[in-house]
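# Structure assessment
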Amino acid sequence: MIKRETPIRDLFILEPKVFGDSRGYFFEIYNQAAFDSLGLEVRFVQDNESFSRFGTLRGLHFQKGRHAQAKLVRVIEGAIYDVVVDVRRGSPTFGKWVAVTLSADNFLQCFVPPGFAHG
């Protein structure tokens, strides 16, 4: 897996190694040892899936305090334009944002650490 830096500290785009052939493809979405080796200190304990119809616009969302969560966002069908905003008060990049197109074709994943809103 390749970890791509963004202009905002702690926010990364991840590019998994995809193994494909005429039958389809295989890749690891999450591997604790791989995340550890990339310096991503996170232990995921929950896995959610959301479905949006074409043209849906969702608001930015986040958790704060002891409920803050890291997220690994990916797309399994179609594409999304995901916007991630640093909402960490006192951060030098507070209020700054990064956008990325995640799609079923590009396999990119966005690692959203606690303290960020995204949608």
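Residues numbered from 1 in each chain as written. Predicted model: local features only at pLDDT ≥ 70, side-chain atom pairs only at ≥ 80, totals over all residues. Heavy atoms only, no water.

The subject of this paragraph is the confidence of the model for the protein chain. Looking at the protein chain, the pLDDT average stands at 92 and 100% of residues meet or exceed 70. By mean pLDDT, helix 1 (residues 32–37) is the weakest element of the protein chain at 92, and strand 7 (residues 97–103) is the strongest at 96. (pLDDT = per-residue confidence, 0-100. Helix = DSSP H or I, 4+ residues; strand = E, 2+ residues; numbered from the N terminus.)

Bringing unusual backbone geometry into the picture now. Even without being glycine, Asp10 reaches a positive phi, approximately 80°. With respect to the helices, strands and loops of the structure, Asp10 is situated in the loop between strand 1 (2–5) and strand 2 (12–15). The class of Asp10 is partly exposed, set by a relative accessible area of 30%. Despite not being glycine, Phe107 has its phi angle at roughly 60°, a positive value. Along the chain, Phe107 turns up in the loop between strand 7 and strand 8 (109–112). (Buried < 20%, exposed > 50% of the residue type's maximum accessible area, 1.4 Å probe, protein only.)

An order of 1-2-8-5 is seen for the four strands of this open sheet, with the pairing classed as antiparallel. Two strands bound the open sheet, and with one partner strand each, they are strand 1 and strand 5 (71–73). In this sheet, neighbouring strand axes are inclined to one another by 25° on average, regardless of whether the strands run parallel or antiparallel. Bridge analysis of strand 2 against strand 8 gives three bridges, and the strand direction is antiparallel. Across the sheet, the residue bridging to Leu14 is Gln109, located in strand 8. (Pairing = 2+ DSSP bridges. Axes fitted to C-alpha atoms, helices over the stretch in contact; angles between N-to-C directions.)

Tallying each qualifying case throughout the model produces six salt bridges. Measuring nitrogen to oxygen at the nearest pair gives 2.4 Å for the salt bridge that ties Arg23 to Asp21. Salt bridges sharing partners connect three or more residues here, namely Arg9, Asp10, Asp86 and Arg88. (Salt bridge = Lys/Arg side-chain N within 4 Å of Asp/Glu carboxyl O.)

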